[in-house]
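What the coordinates show
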Number of protein chains: 2
Amino acid sequence: MTRSEENYIKTIFHLGGNKSVPVTTNAIAEQMETKPSSVTDMARKLGDKGLVHYKKYQGVFLSEKGIKTALGIIRKHRLWETFLVQKLDFSWDEVHEVAEQLEHIKSEKLIDELDAFLGFPKYDPHGDPIPTRDGEFHEQEKEKKLLSDLPVGIKGICAGVKDSSASFLQYLDKHGIAIGQSIHILGKEEFDNSLYLRIGEREHTVSHLIADNIYLIRE
Amino acid sequence: MTRSEENYIKTIFHLGGNKSVPVTTNAIAEQMETKPSSVTDMARKLGDKGLVHYKKYQGVFLSEKGIKTALGIIRKHRLWETFLVQKLDFSWDEVHEVAEQLEHIKSEKLIDELDAFLGFPKYDPHGDPIPTRDGEFHEQEKEKKLLSDLPVGIKGICAGVKDSSASFLQYLDKHGIAIGQSIHILGKEEFDNSLYLRIGEREHTVSHLIADNIYLIRE
DNA sequence: ATATTTTTTTAGGGATGTCTAAAAGGGTTG
DNA sequence: CAACCCTTTTAGACATCCCTAAAAAAATAT
């Protein structure tokens, strides 16, 4: 598998092409910041290799083999992100670019040893589940809910984010919000739905837009 | 810098092309298991980029910029090898292939954090010095070892001889052993300590006396 | 249902990096 | 110095992966 093929497979997975629901050529092109004609080329190629099902003008979706491949790449990506944050003091917003490179390193042993070294983590620093080597996700133990959907008074643990853009992650970093951080919803402003929170020791006000992108697990 | 360019730079460095001593096209081709014509193409390209000095029919050697680049790659390679052995329980013979991939990851921060995480090691698991981020070796001499002192499995480059008598040099010539020639130690005869070698394309048996007079630089 | 717009594919080309085959250069030896 | 041989370069080609421009198909609007 080439690096480029892997990137296409991963993108198709993330766009939802894992449940026999086809993803369109344009959607892939936009996501990957490339041109539709390039996507068509690759779609045919991946189809020939049995990684996706592709019919002209009908988009692509992953085959069984394609899903397995995608989960393998996602596993690598998330383990590397975990490593970067836990061991090398990267902040959330710095990991993605490097993990994008590291996820293409080819070595079964490397990734399994890394998994062990990290203590077989179930979630990456963004709170997303890490597939096992057999390609299965760990079940989410408790329900993960958006901060914006929870009532005043709730105490919980920050479990992940919906938006993982660099700017959002930088915002979180600046305000001391991180995975595992305890968050207490102190109040809600009716006018604009902003929230008063206690985050660790400090109190903050966050807008509805922010609250709508942070997942909490109730204690 | 592309991955391929980096590999050429590294190879030229290892073949000794860092001291204004040119390395031949054939030596590079053999070392990289590619064809001389490919090497010529790349030599011109690296020359245009100012990484090597190249004149037709006269081989290449690294420019200042090329040496800096080479040291950066070697630094990454050796830090990753150290990581693999110390933290992920790789054995020394398993690391090379994976480190060859990891050395091309592009991130200043990554490599500096890795360096810190490992406690700023001065030597890699093979005992070879790790260049600092400023491109200086902790110890200047590149490791040149006698063939007779190395274990089975080692691949290296012929770097010189201890005995330089005419008869010995003639022997070497007759058997296709020359500076820059790649040598792989395939096995050792316990009875008389003679070695089975692959020299370039051919396999040879050499006595302990011969092996005790040839210096190798490990890859 | 036909015209228009959007999406997708095809056709053809460029950059990188590889190869084979043939030509050119350089070194050795009679 | 001339013939030979080995090294190196050139020429031309192929695969990958990307692009632009134009054609074809599908979706949408009138």
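In what follows, the structure referred to is the one given above.
What counts, and where the lines are drawn
- Residues numbered from 1 in each chain as written.
- Chains lettered and ligands numbered in written order.
- Predicted model: local features only at pLDDT ≥ 70, side-chain atom pairs only at ≥ 80, totals over all residues.
- Heavy atoms only, no water.
- Pairing = 2+ DSSP bridges.
- Helix = DSSP H or I, 4+ residues; strand = E, 2+ residues; numbered from the N terminus.
- Axes fitted to C-alpha atoms, helices over the stretch in contact; angles between N-to-C directions.
- Contact = heavy atoms within 4.5 Å.
- Near = heavy atom within 4 Å.
- Polar contact = N/O pair within 3.5 Å; in protein donor to acceptor, adjacent residues only side chain to side chain.
- Nonpolar A, V, L, I, M, F, W, Y, C, P; charged D, E, K, R; others polar.
- Buried < 20%, exposed > 50% of the residue type's maximum accessible area, 1.4 Å probe, protein only.
- Arc of directions from axis to C-beta.
- Buried area = accessible area lost by both parts, 1.4 Å probe.
- Salt bridge = Lys/Arg side-chain N within 4 Å of Asp/Glu carboxyl O.

1. Topic: the sheet that holds strand β4 (residues 155–161) of chain A
All names here are of chain A. Across the sheet, which stays open at both edges, the six strands sit in the order β3-β8-β4-β5-β6-β7 with antiparallel pairing between neighbours. Strand pairing shows two members of the sheet lacking a second neighbour, β3 (144–146) and β7 (202–206), which therefore form its edges. The mean inter-strand angle of the sheet, taken between neighbouring strand axes irrespective of direction, is 45 degrees. Examined bridge by bridge, strand β6 (residues 195–199) and β7 share five bridges and lie antiparallel to one another. The residue bridging Ile199 from the neighbouring strand is Arg202, located in β7.

2. Some remarks on the sheet that holds strand β4 (residues 155–161) of chain B
Residues and elements named next belong to chain B. Pairing is antiparallel in the open sheet, where six strands are placed in the order β3-β8-β4-β5-β6-β7. This sheet does not close on itself; its edge strands, each paired only once, are β3 (144–146) and β7 (202–206). Neighbour-to-neighbour, the strand axes of the sheet open up by a mean angle of 45 degrees, direction not taken into account. Bridge count between β4 and strand β8 (residues 214–218): five bridges; the pairing is antiparallel. Pairing of Ile157 across the sheet is with Ile217, part of β8. On the sheet, helix α7 (residues 166–174) packs against β4, β7 and β8 and is oriented at approximately 150 degrees with respect to β4.

3. Some thoughts on the protein's contact with DNA strand D
Residues in close proximity to DNA strand D total 20 residues, the closest being Thr2, Ser38 and Lys45 of chain A together with Arg44 and Tyr54 of chain B. Within 4 Å of the protein, atoms of DNA strand D come from sugar and phosphate in 78% of cases. Ser4 of chain A places a side-chain nitrogen or oxygen 3.3 Å from a phosphate oxygen of DNA strand D. Within the side chain of Lys56 of chain B, a nitrogen or oxygen atom sits 2.8 Å from a phosphate oxygen of DNA strand D. For the surface near DNA strand D, the secondary structure elements donating two or more residues are α1 (3–14) and α3 (36–48) of chain A together with α2 (25–32) and α3 (36–48) of chain B. A breakdown of the residues in the surface near DNA strand D according to their chemical character gives five nonpolar, ten polar and five charged.

4. Concerning the pairing of β8 of chain B
All names here are of chain B. Within β8, five of the five residues are buried, which leaves the element mostly enclosed by the surrounding structure. Taking every second residue as pointing to the same face, both faces of β8 are buried, with Ile214, Leu216 and Arg218 on one and Tyr215 and Ile217 on the other. As paired strands, β3 and β8 are joined by three bridges and run antiparallel to one another. Looking at the pairing, Lys144 lines up with Ile217 of β8.

5. A word on helix α7 (residues 166–174) of chain A
Residues and elements named next belong to chain A. Along α7, the residues classified as buried are Phe168, Leu169 and Leu172. On an axial view of α7, the arc spanned by its buried residues comes to 95 degrees, and they lie on one face. Facing away from the buried side of α7, by more than 90 degrees, are the exposed residues Ser167 and Lys174. Buried residues along α7 sit in contact with α5 (92–102), β4, α8 (208–211) and β8 (214–218). Of the residues flanking the end of α7, it is Gly176, one or two places downstream, whose phi is positive at about 70 degrees.

6. Topic: the protein's contact with DNA strand C
Inspection of the region around DNA strand C gives 20 residues, with Arg44 and Tyr54 of chain A together with Thr2, Thr34 and Lys45 of chain B positioned closest. When the atoms of DNA strand C within 4 Å of the protein are sorted by group, sugar and phosphate make up 79%. Between Tyr57 of chain A and DNA strand C, the recorded distance is 2.9 Å, taken from a backbone N or O atom to a phosphate oxygen. One nitrogen or oxygen atom from the side chain of Ser37 of chain B is found 2.9 Å from a base oxygen belonging to DNA strand C. Mapped onto the surface near DNA strand C, the elements with two or more residues apiece are α2 (25–32) and α3 of chain A together with α1 (3–14) and α3 of chain B. Each residue belonging to the surface near DNA strand C can be placed in one class, and the counts come to five nonpolar, ten polar and five charged.

7. Structural notes on the interface of chain B and chain A
With 21 residues of chain B at the interface, the matching set in chain A holds 21 residues. Summed over both partners, the interface of chain B with chain A comes to about 1,700 Å²; 71% of that surface belongs to carbon and sulfur atoms. Counting every contact that joins chain B to chain A gives two salt bridges. As a salt-bridge pair, Lys109 of chain B and Glu94 of chain A come within 3.7 Å of each other at their nearest N and O atoms. The interface formed by chain B and chain A contains two residue pairs in polar contact (both at pLDDT 80 or more). Among the secondary structure elements, those contributing two or more residues to the side of chain B that touches chain A are α4 (64–86), α5 (95–102) and α6 (108–117) of chain B. Ranked by residues supplied to the side of chain B that touches chain A, first place goes to α6 of chain B with five residues. When the residues that make up the side of chain B that touches chain A are grouped by side-chain class, the tally is eleven nonpolar, three polar and seven charged.

8. So, α6 of chain B
Along α6 of chain B, the positions that sit buried rather than exposed are Leu110, Ile111, Asp112, Leu114 and Asp115 of chain B. Taken from the residues just after α6 of chain B, Gly119 of chain B is the one with a positive phi, measuring 80 degrees.

9. What to know about the environment of Glu33 of chain A
Looking at the secondary structure, you find Glu33 of chain A in the loop between α2 and α3. On a C-alpha basis, the gap between Glu33 of chain A and Lys109 of chain A in space is 32 Å, while along the polypeptide they are 76 residues apart.

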